[in-house]
Amino acid sequence: QGNYNWYWVNRNIKTYTMILNTTDFKLEKLYIVDGNYSKSRRIGDYIYVISQNSLQFPYYDYAKWTEVMPEFDIKKSMPREIDITRTTSTDANLIIKWQALPFSVNGWQVANCNEIEYILPDEETMKKHNFSPSYNIISIINLANTKQKVKNKVIFGDTAEIYMSLDNLYMTSYMYSNNGFDCPINAMCIMPRFVSGENTLIHKLGVSKWNISYKNTAIVTGSPLNQYSMDEKDGKFRIITSQWSPDRSTNLHILDENLGKYASLTGLGKDENFQSSRFIGDKLFLVTFQQIDPLFVIYLKDQKNPKVLGELKIPGYSTYLHPYDEN
């Protein structure tokens, strides 16, 4: 497992996926993989489970402590999995308390080094933004055939929120940019406030049942609130983000099929917090809050030219919106 007190990866953290037969509630499959459970989605007979873990390598102290630290071994840092699946074969190899149970047990390394995809910002982007990498494991499990080996895709990076349509998976992570020091004009600032700007890194991956393929990456200003901050329609990806610098406000970004900038509405709800949102048909319902609660209705039928239809100011605030129908 490696010595986590020094470096490698924490193998004590696992993600468990259990598949039960609902007719008799018997276990059909138990799949265990390294990392924290992050997100999951189901499309038809396939479930997509995302777990993530960080590599801990003390590169500042490594040379200093080489005499007492174990030599770095990449094999100890690679994610691993255990697959326990119900079987009718007489070769079942799960034995508990000297009793053979009808399950096969297999353990593998999730991916080889050359199979890990690195979707990292380029050098120029890294000069402007802070980025904390880890790795994501996307496990694809066939619910219709639990005996089929789980397929994994490992992507180096981290994940905050995701949105998944029938064809695409969008993975977002936070990035922060250095906007310099903030000191009022003519003020005597002994220690000026260091301002960071919020940004969101978006990865688009194509999904087709058993296969996931990388498509493109983009960066937008601000950060999404939750999964309801994102949506896809007619090939366009829509994401609502909030930002605190230089001014607190909420933004709508619309990206094309290649994640290029298509349209945007910025500066919504100035000096107010982004509280909740829902995309419903050709409209976006958006709630921000400071003291009086504006409910924005944004028209998206012409996605090239989104516009605010109106806003309703009522006391209190709404942290969750649930659609009844498109009207």
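See above for the structure.
Worth saying up front: this structure is predicted, and the values here are computed from it rather than measured.

Reading the values: rules and limits
- In this convention, every chain numbers its residues from 1, walking through the sequence in written order.
- At least 70 in pLDDT is required for a residue's local features to be given in this predicted model, at least 80 for side-chain atom pairs to be given and counted, and no such filter applies to totals for whole chains, interfaces and linings, which use all residues.
- With hydrogens and water excluded, all non-hydrogen atoms of the structure serve as input to the side-chain values.
- For each residue, the accessible area found with a 1.4 Å probe, counting protein chains only, is set against the maximum for its type, and the residue is called buried under 20%, exposed over 50%, and partly exposed in between.
- Helix and strand definitions follow DSSP, with helices as H or I runs of at least four residues and strands as E runs of at least two, each counted in order from the N terminus.
- Strands are labelled as partners when DSSP assigns at least two bridges between them.
- In the sections that follow, a salt bridge refers to a side-chain nitrogen of Lys or Arg positioned within 4 Å of a carboxyl oxygen of Asp or Glu.
- Aromatic contacts are taken between Phe, Tyr and Trp rings whose centres are within 6.5 Å, Trp giving its six-membered ring; a plane angle under 30 degrees counts as stacked, one over 60 as edge-to-face, and the others as tilted.

### A few points about the pairing of strand 12 (residues 151-156)
Working note: regular strand, side chains alternate between the two faces of the sheet.
Thinking step 1. Burial within strand 12 is extensive, with 5 of its 6 residues counted as buried.
Thinking step 2. Direction of pairing for strand 9 (residues 117-118) relative to strand 12: parallel, over a ladder of 2 bridges. Each bridged residue has a counterpart across the sheet, and for Y118 the counterpart in strand 12 is F156.
Thinking step 3. Here strand 11 (residues 135-142) runs beside strand 12; their pairing, made up of 6 bridges, is antiparallel. Looking at the pairing, S139 lines up with N152 of strand 12.

### Points about the sheet that holds strand 4 (residues 46-53)
Thinking step 1. Pairing within the open sheet is mixed, and its 5 strands lie in the order 3-4-11-12-9. Each of the sheet's edge strands pairs with one partner strand only, and the pair in question is strand 3 (36-43) and strand 9.
Thinking step 2. The pairing of strand 4 with strand 11 spans 8 bridges and is antiparallel. Within the sheet, the bridge partner assigned to Y48 lies in strand 11 and is I140.

### Describing the pattern of salt bridges
Thinking step 1. In this structure the tally under the stated criterion is 9 salt bridges.
Thinking step 2. Among the ionic pairs, D234 bridges to K233, the shortest N-O distance being 3.4 Å.
Thinking step 3. Residue classification places D234 among the exposed positions, given a relative accessible area of 57%.

### Concerning the packing of aromatic side chains
Thinking step 1. Tallied over the entire structure, the rule returns 4 aromatic pairs.
Thinking step 2. On the numbers, 4.0 Å between centres and 10 degrees between planes, the contact of Y170 with F237 is stacked. With a gap of 67 residues between them, Y170 in strand 14 (residues 168-182) and F237 in strand 18 (residues 236-243) connect regions that are remote in the sequence.
Thinking step 3. Both rings, one in Y228 and one in Y320, keep their centres 6.0 Å apart while their planes meet at 75 degrees; by these two values the pair is edge-to-face. Of this pair, Y228 sits in the loop between strand 16 (211-221) and strand 17 (230-233) while Y320 sits in the segment after strand 24 (307-315), placing them 92 residues apart in sequence.
Thinking step 4. Since its relative accessible area comes to 28%, Y228 is described here as partly exposed.
Thinking step 5. The partly exposed category is assigned to Y320, whose relative accessible area is 46%.

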